[in-house]
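# Geometric and topological summary
Take a look at the letters that make up each chain.
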Amino acid sequence: MKQQKKSVDPLYVIFEQHLYNFQDSDSDRKTFILEVVSDYLNFLRKKNITVPRSLEQQIVEELYTQVNTMLVKKIYGCLTIQDYQTKLPKTSKRRAKSRYSKLNAG
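The structure reproduced in this document is the subject of the present report. None of these values were measured; they are calculated from a predicted model.

With that settled, consider the nonpolar core. Nonpolar side chains in soluble globular proteins tend to be buried together. Phe15, Leu19, Phe32, Val67 and Leu71 are the most contacted members of the largest nonpolar core, which totals 28 residues. Breaking this core down by element, the ones donating at least two residues are helix H1 (10-20), helix H2 (29-46), helix H3 (53-74), helix H4 (81-86) and helix H5 (90-105). Residues within four places of Leu71 in sequence aside, it is in contact with Phe15, Leu19, Arg29, Phe32, Ile33 and Ile81.

What follows is the structure, given as structure tokens:
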């Protein structure tokens, strides 16, 4: 039997890249989430996936909710993203960078 390659959701890959490489301590949660959503929408455009203008606001709101949920689950127990980053193993950051590079290359 062949093992199927585990596929990671591009939204999660983009989210991880932003989270692990977060630099702006003045940025708030809303700004962080909107940057992830914007990057994801740009990714979809590069893949020629069209988001109808009439539905764009609803899609952005849904993506915002999903990214916020991922953020809450990922940094649970940490007060800030920087606090989370200090507890992060170096291998996680490298793995996220590798996934993100593959996502943008494909």
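Additional details are given in the paragraphs that follow.
Our focus in this paragraph is H3. Compared with an ideal rise of 1.5 Å per residue, which puts 22 residues at 32 Å, H3 spans 31 Å between its outermost C-alpha atoms and is within 8% of the ideal. The complete set of buried residues in H3 reads Glu56, Val60, Leu63, Val67, Met70 and Leu71. Check the buried side of H3 and you find it contacts H1, H2 and H4.

On to the side chain of Gln17, then. Mapping Gln17 onto the fold places it in helix H1. Relative accessible area serves as the criterion here: at 15%, Gln17 is assigned to the buried category. When neighbours within four sequence positions are excluded, Gln17 is seen to be in contact with Ala96, Lys97 and Tyr100.

One pass over the structure, following the stated rule, counts four salt bridges. Between Arg99 and Glu16 there is a salt bridge; the shortest N-O distance is 3.1 Å. Residue Arg99 is located in helix H5, and its partner Glu16 is located in helix H1; the two are separated by 83 residues in the primary sequence. Take Glu16: its relative accessible area is 3%, and that puts it in the buried class. Taken together, the shared-partner salt bridges connect Glu16, Lys74 and Arg99 into one network.

Procedures and definitions
- Residues numbered from 1 in each chain as written.
- Predicted model: local features only at pLDDT ≥ 70, side-chain atom pairs only at ≥ 80, totals over all residues.
- Heavy atoms only, no water.
- Core = buried A, V, L, I, M, F, W, Y, C linked by side-chain atoms within 4.5 Å.
- Buried < 20%, exposed > 50% of the residue type's maximum accessible area, 1.4 Å probe, protein only.
- Helix = DSSP H or I, 4+ residues; strand = E, 2+ residues; numbered from the N terminus.
- Contact = heavy atoms within 4.5 Å.
- Expected span 1.5 Å × (residues − 1).
- Salt bridge = Lys/Arg side-chain N within 4 Å of Asp/Glu carboxyl O.

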